[in-house]
Structures are given as C-alpha cells and as structure tokens.
Amino acid sequence: MARNSPPPRRPAGSHEPDGADDKASANRTRKRTGWARFLIPVVLIVVWFGVGGIGGPYFGKISEVADNNQTSYLPASSASTQVAELQKKFTDSDAIPAVVVYVNDGGLTGADRTFITDRASELSKVSGVAGGVSPPQFSTDGKAAEIFVPVQDNDSASATVEDLSSVVRGGIPPGLDSYVTGPAGQLADITEAFGGIDTSLVLVAALAVLVILVVVYRSPLLPFLVLLTSILALSAAILVVFYLAKAGTLTLNGQVQGILFILGIGAATDYSLLYVSRYRESLRDHEGRWDATKAALKGTFEPVLASAATVTAGLLCLLLSDLNSNKALGPVAAIGIGFAFLAAMTLLPALLMLTGRAAFWPRRPAFGSEHPDRDGNSPKGFWPRVARTVKAHPRRTWVIPTLVLLIAASGLLQLRASGVPQSDFVLGQTATKEGQQVLGEHFPSGSGSPALIVAPEGELDTVARAVLEVQGVDALAVDATGTPAGTLPVTADGVQASPVPGTSGAPKVVDGKVLLEATLKDAAESDAAEQAVTAMRDKVAGIGDVLVGGVTATTIDTNAAAAHDRNLIIPVVLVVILFLLMLLLRALLAPFLLILTVLLSFGATMGVSALVFNHVFRFPGADPAVPLFGFIFLVALGVDYNIFLMTRVREESIIHGTREGVVRGLLITGSVITSAGIVLAATFAALGVIPVLFLAQLAFIVAFGVLLDTLVVRSLLVPALSYDIGRRIWWPSKLSRVAPGHHRKAVPGHAGSAGQWPPENPGAPAS
C-alpha cells in the first residue's frame, strides 16, 4: 500500500466495533472517576478526623511541657544562665526562693514572735519544699519578719506556694498579716495567669470566629465547616508541638503556646475564607462540584501557598534569636501555619466538595448566575464605591492615608520598650505583689532575690571588697556549710563567724568556686537594682573568672538579648519577604512598594499603641521583644493581604490591563480580605483574656495593626498607588511593557473575563 494512500473504507452497513469499545471504555472511565471523586474527599475527611481525634486531648496536656521560668529563656552562653546552672551544685537542688513575710503594723508582740518561730519549723514539712528553711529574721523597726523557703522548681512549684500560703496563714494571731512572695511567688502568679490558656483562650477565639463567620456567610452550615477546619488544623499542630517539646527539641512557654492557639485558628480561617470565596465563584462558572473544586484550588493554591511561605519564612527568622523564647516561637508558629495551610487546601475542599451548593444555603450560588461583585455595568455596594473612588482620584486616595499614617507613626517617640519589672509581668494586683511591697517597707527591697556571684575560692576576699563598694548593695553573704541559715556574713574584712551562737561554718567550695549572695537595697526588678548589678559586673570584670547572675542579672541579660534580636532579625525578615514577593509577583517595583506600605502601617500601629499603652491602659512599659513580635506578625500578615490582593490584580491585569485589573482585583477580593482581616484581628484580640502584660500588648498591636492594614492600606493606599503608577508597577517584567490592548484578550473559562467595569474614561491614561 502506498505510504499516503487512504485506509480502506468499510462496506456500508458493517458493524463498528471500535466505537462501541470506545463508548464502553468511556463509561468505565466515568465510573472510576466518579468513585475517585467520592473517595478522595471521604479519605481526606477521615484522615483529618483521625488526626483531630488523636490531637484533641492534647489541648489540655500541652501546658505540661511548657516552662515559664525566665532563666530558661536565655541562651546557654549568658552569665545568668551559667550562674543558674552552677547554683544547682551549691544547693544540691533546683530550688527557687519563696519569701514568707509576717507583718504587724502595730509592732510584733511576743505572741507574734513565738508563732512566727514555731511556724518556720513547720514550713520544711510542706511537700515541695527543698529543705533548709531559714530561721526568722526580724526587721529593725520591730514590725515584720521574713523567712526564706527554698521551693523545688518543677511543675508543682505553684501548688507548693499555695500549700505554703495555707500553712503560713493557719492559726495566725489577730493583727498579724502574712504573705508569700519572692521569685517562687512570682512563678506561681505566672502559672496561674496561664492556667486558662488551654480552655478560655481557645473558646473565646473560636466563638469570636464563629460569630464573624455567621455574619459574613449568613449560612447555618458553612461557618461550622470553616471553624471545624481551623480546629482540626490546630489539633494537628498541638500534637506535633507537644512531642517536640517533650523530647526537648524546642522550648515551649505560655506566651508561645497562646500565640500558637491564636495563629493556628486565625491563619486557617483566613486561608479558608480565600478558598470559600473562590469556590463560590467557581460554582457560578462550573456546573459540577468536581470542576468547581479544581478551579477553586487552581485559583487559591498559589496565593495561599505564597502567604503561608511568607509568614513561615518570617517566623523562621526567629531561629537567629539569642532568646530561647523567641527562638522557640519560630518553629512552633511555623508548624501552626503549615497545618493551617494543609487543612485549608485539603480538608475544606473535601468538605465543600461533598456538600456542594448546599453549604451556602440559603444563598446558593447557581450555575450561570451573575457574579455580584463584578458583573453588570453599575454594581452597588461598599466596594464598588471604593473602586470608583480609587479610579476617579487615585493620587489623592493614596497620598492622604500616607500622611495620616506618617503622623500616627510619630507616636513611636513615646514607645517605652526597654523592659518591665518581672513583678509587672502579670496584670492586676496579686498577693505576691502586695507581699513584695510590704517586704520593701521593712527590709531591703532586694531580700529574697539577691545578686549571685560565682567566684574562684582564692579571690573571695577581693571579689567581696569590690562588690561591697557598689552603691545599692546592702549586705553580702557566702554559701556555707555547718550553719542554720546556710550562709555566712561577709564584710570588707572577709568572712565573718556565724551569728547563731554555738554554730560554726565555712564557705562551701564546689569545683574550686564559691557562691556569694549580695542583698540589694532596691527591689530586684527596679532600675536602681539593674544599675547596681551592672556596676557590680564592671567592678569584678578584671578580677578573674567571676560571673554575676540572679533575678536582676537575668532581667538585664534578657533585655540585652531581646534588643540584639530586634536589631538583627527585623532587617533579615524584610530581605526574606522582599525576595519572596519578587518571586511571586515577578517584578521589582511592586514588591518594594508593598514592603514600604507595610512598614508604614507597622510604624503607625506602634505609634498609636505607644500612646494607648501610656495614656489609656497606663502600662508600666513594654518588653523589648514586643516590637519584634509585633513586627514579625504585622509585616508577615500585612504582606499576606497584599499578596491576596496583588496576585488577583496581576491575574486580572494580564487580561484587562493594569488599571482595570486593579479595579477588578479590588472589587473581587475586597470583602473576603476584609473579612479575613476582621477574623484575624478578633482572634489576636482574644489573647487579652490572659492577664499577661506581654500578651495584652501583643493582642492590641496585632489586632489594631491588622485592621489598619486591611481597612486602609490594602483597601485604599495600595490599590490607589498601583492605579496611579499603572503598568509600570510590574517593572521590569514583560507585563510592564506590553500595551494595554494586548492584555484584553479573554481567556476561555477565566472567571475574570467578563466585561470591563467601571467603563474606562475616554481620556484616561493607558494602563
């Protein structure tokens, strides 16, 4: 047969077996596809419910692996950490001091003194007390007595303090008041403050999200599907974090735990809102749920992945931190973001695939129906009005908000973020704080929280003289053996004899070193105490291998490490996020401008926060880590919303031109991004239920900042600036050079290929 000759024709009326086979094969393929379309979502749902069933109980267990001791936050290289480790060798325990204070404003009576002395001997019998309870020390004014009680530093420390309080108060004579304070009391306050984090925080956040979702969707089913997605994502994250913390891979504390809860719920809900918006849009363009699901995933996956990657990259920059508490937040929060992304891109599509249009009841999106946010020549509503404003007065619309934000940012000059006393860590008045105040009225305020100096045995006298020369040091003692108090007084003349008649003792030497305890005149967390400890370190710096630690030194080292982290990590985060934006938007100018707008929003937020903290809430100051955490969340999350907007603008610009693409992108994403911002602000505001200063400040900063970014920066400033610049916003990509008319070719099946709205002004500049 010739090479190009046609194939032989079949006789008329002959059977066509190939066509029948093809039809049968197609039927079998459809059946297999039908089963796959049913089984895939079912399997995904079963897997996620299994993960939720396993991880759910760990909501109440994760606090078991949290460590709220401030010393554990510091790097191993810090002097405070080294002293804390060496101190364990001198005390043979991980004890932290509790200070029992008795006071009678009318003066201690003989009966009071007898009661106090007898009660001191009972305190060592309390479970959790490490032994070595000091005898009572009476104040020079005759009105108060203090007893030092070592408490084992473990998960039961808070319960031990409660038991001590009960024993201290039991049978107390009339007119005599008692308090349990000191570092152990402060730790108990912190533990109690975080006590509701497993239940109240999650419940408040979930309830806030549910209310907002009901208002947004006006559907009885869809809000619960979205919330279920968020809760299961958080369950998976908690399960992983629990075992990593239990294995010692990362350090978990109450602050990081609370942020994980909030970020997990907020991020998963935000990503879910983006997917629901696309899915509802796709149901109008596709009759079948499978096709609508594929279209929704195709339109959502890239921006949500970019968002998750941006936030994760920003959070992982915290691994560069010196502070273990900051370093732990990076991977913990990244795990939460990762599971939020997975749940929103797998579980939620599976749930909506099975429920279809019924999930939106009673406002079901019918196939072929108009898209209310973009179809027609004169759409009504809030976002069309915003779009018309952006189009009519682009320069005015971005210049005015920029000036307002710059004015708000001037409040940064009043931000006090150099650290706060540890006693102010917990908001409100507590018995520990009252006890510390009483202690300072009758004894040196530094009692119970001395500065600790580890020095070579041969340099004891030299170090002692240097320490006693420091203003702010009230007394000095050295850890000793053979004495009831466990210490011997030290003066400029050297170690003195035991003040207790009939006893003798000698300095305790461990590995050729001694431990000195310097009682400060001022409260350990005060500025004066910090100045004294800093001067002490300067005095002993040239003597030899001498380390200064203790509560005050820990605060100094923590603040110094936090300032170092802030100055290092903020520039790194900016560079990383800028690089990711360049990859996503395939441009240089747009990412650079987006970063500038987010920085402006952050500056305005911190400026307003400083004014509110100082003049409304009257906070004593802020931890140096507060600006860093605020920056990480506001910049990463602020870029998030810009990613959601600008990826859609770019998608529309390819078809319709940049200026029309900006208008259409704003119309399509306006309501969903605003809803996402409100949800995230509400979830972070829920941190306010935990009475911890750091979390209360972070809650306000992120909640206010997200709303500012969502309602002003992303809604007005960015669209108007992009519209004003036109296609040059995509420089140097090809999109910045191609004439507008080349973009207006509709793409088949593209949801944004409907007619242009609003109509271009005849004299409008090119896109």
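Residues numbered from 1 in each chain as written. Predicted model: local features only at pLDDT ≥ 70, side-chain atom pairs only at ≥ 80, totals over all residues. Heavy atoms only, no water.

**A few points about a nonpolar patch on the surface**
Okay, step 1: On the surface, Phe-38, Leu-39, Val-43, Val-47 and Leu-354 cluster together into a nonpolar patch covering about 420 Å² of accessible area.
Okay, step 2: Top element by residues in the nonpolar patch is helix H1 (residues 17-55). It accounts for 4 residues.
Okay, step 3: Residue Val-43 is classed as partly exposed on the basis of its relative accessible area, which comes to 47%. (Patch = residues over 30% accessible without salt bridge, like charges linked within 9 Å, V, L, I, M, F, W, Y side chains within 5 Å. Areas by Shrake-Rupley, 256 points an atom, 1.4 Å probe, with all protein chains shown as cover. Salt bridge = Lys/Arg side-chain N within 4 Å of Asp/Glu carboxyl O. Helix = DSSP H or I, 4+ residues; strand = E, 2+ residues; numbered from the N terminus. Buried < 20%, exposed > 50% of the residue type's maximum accessible area, 1.4 Å probe, protein only.)

**Thoughts on the packing of aromatic side chains**
Okay, step 1: Within the structure shown, the criterion is met by 18 aromatic pairs.
Okay, step 2: Each ring, one from Tyr-275 and one from Tyr-279, has its centre 5.9 Å from the other, and the planes form 15°; the classification is stacked. One end of the pair is Tyr-275 and the other is Tyr-279, both in helix H8 (residues 254-285) and 4 residues apart, which spans about a single turn.
Okay, step 3: Residue Tyr-275 is classed as buried on the basis of its relative accessible area, which comes to 0%.
Okay, step 4: For Tyr-279, a relative accessible area of 0% translates into the label buried. (Phe/Tyr/Trp six-rings, centres within 6.5 Å; stacked < 30°, edge-to-face > 60°.)

**So, unusual backbone geometry**
Okay, step 1: Cis geometry is adopted by the peptide bond preceding Pro-362, which originates at Trp-361 and carries an omega value of 10°.
Okay, step 2: Within the fold, Pro-362 resides in the loop between helix H10 (324-355) and helix H11 (382-392).
Okay, step 3: That bond from Trp-731 to Pro-732 is cis: its omega, 5°, falls within 30 degrees of zero.
Okay, step 4: Mapped onto the elements, Pro-732 comes out in the segment after helix H20 (693-725).

**Side note on H10**
Okay, step 1: Taking 1.5 Å per residue, 32 residues should reach 46 Å; H10 reaches 45 Å between its end C-alpha atoms and fits that length.
Okay, step 2: Residue Ala-343 marks the point of greatest curvature in H10, where the axis turns by about 35°.
Okay, step 3: Burial analysis of H10 places 24 of its 32 residues in the buried class, which makes it a mostly covered element.
Okay, step 4: Gly-356, located one to two residues past H10, shows a positive phi value of around 60°. (Expected span 1.5 Å × (residues − 1). Bend = angle between axes of the 7 residues up to and from the residue.)

**Concerning the nonpolar core**
Okay, step 1: Leu-252, Tyr-271, Leu-352, Phe-629, Phe-633 and Phe-684 are the most contacted members of the largest nonpolar core, which totals 162 residues.
Okay, step 2: With residues near it in sequence (within four places) discarded, Phe-633 still touches Ile-259, Leu-263, Leu-315, Leu-329, Gly-638, Phe-684, Leu-698 and Val-702. (Core = buried A, V, L, I, M, F, W, Y, C linked by side-chain atoms within 4.5 Å. Contact = heavy atoms within 4.5 Å.)

**Structural notes on the pairing of strand E3 (residues 144-152)**
Okay, step 1: Among the 9 residues that make up E3, 7 are buried, leaving the element largely enclosed by the rest of the structure.
Okay, step 2: Where strand E1 (residues 95-103) and E3 come together, 9 bridges link them in antiparallel fashion. Looking at the pairing, Val-99 lines up with Phe-148 of E3.
Okay, step 3: Taken together, strand E2 (residues 137-138) and the strand that follows it, E3, pair antiparallel across an intervening segment of 5 residues, in which Gly-142 is found at a positive phi of about 70°. (Pairing = 2+ DSSP bridges.)

**Looking at the pairing of strand E4 (residues 177-181)**
Okay, step 1: Burial analysis of E4 places 4 of its 5 residues in the buried class, the great majority of the element.
Okay, step 2: Where E1 meets E4, 5 bridges bridge the pair, whose relative direction is antiparallel. What sits directly across from Val-101, in E4, is Tyr-179.

**Looking at the sheet that holds E2**
Whether parallel or antiparallel, the strands of a sheet pair through hydrogen bonds between backbone atoms.
Okay, step 1: Reading across from one edge, E2-E3-E1-E4 is the order of the 4 strands in this open sheet, with antiparallel pairing throughout. Each edge of the sheet is formed by a strand with only one pairing partner; in this case those strands are E2 and E4.
Okay, step 2: Sheet strands in contact with helix H3 (residues 110-123) are E1, E2 and E3, and its direction is about 5° off that of E3.
Okay, step 3: On top of the sheet, helix H5 (residues 182-193) reaches E1, E3 and E4; it is set at about 100° to E1, its chief contact. (Axes fitted to C-alpha atoms, helices over the stretch in contact; angles between N-to-C directions.)

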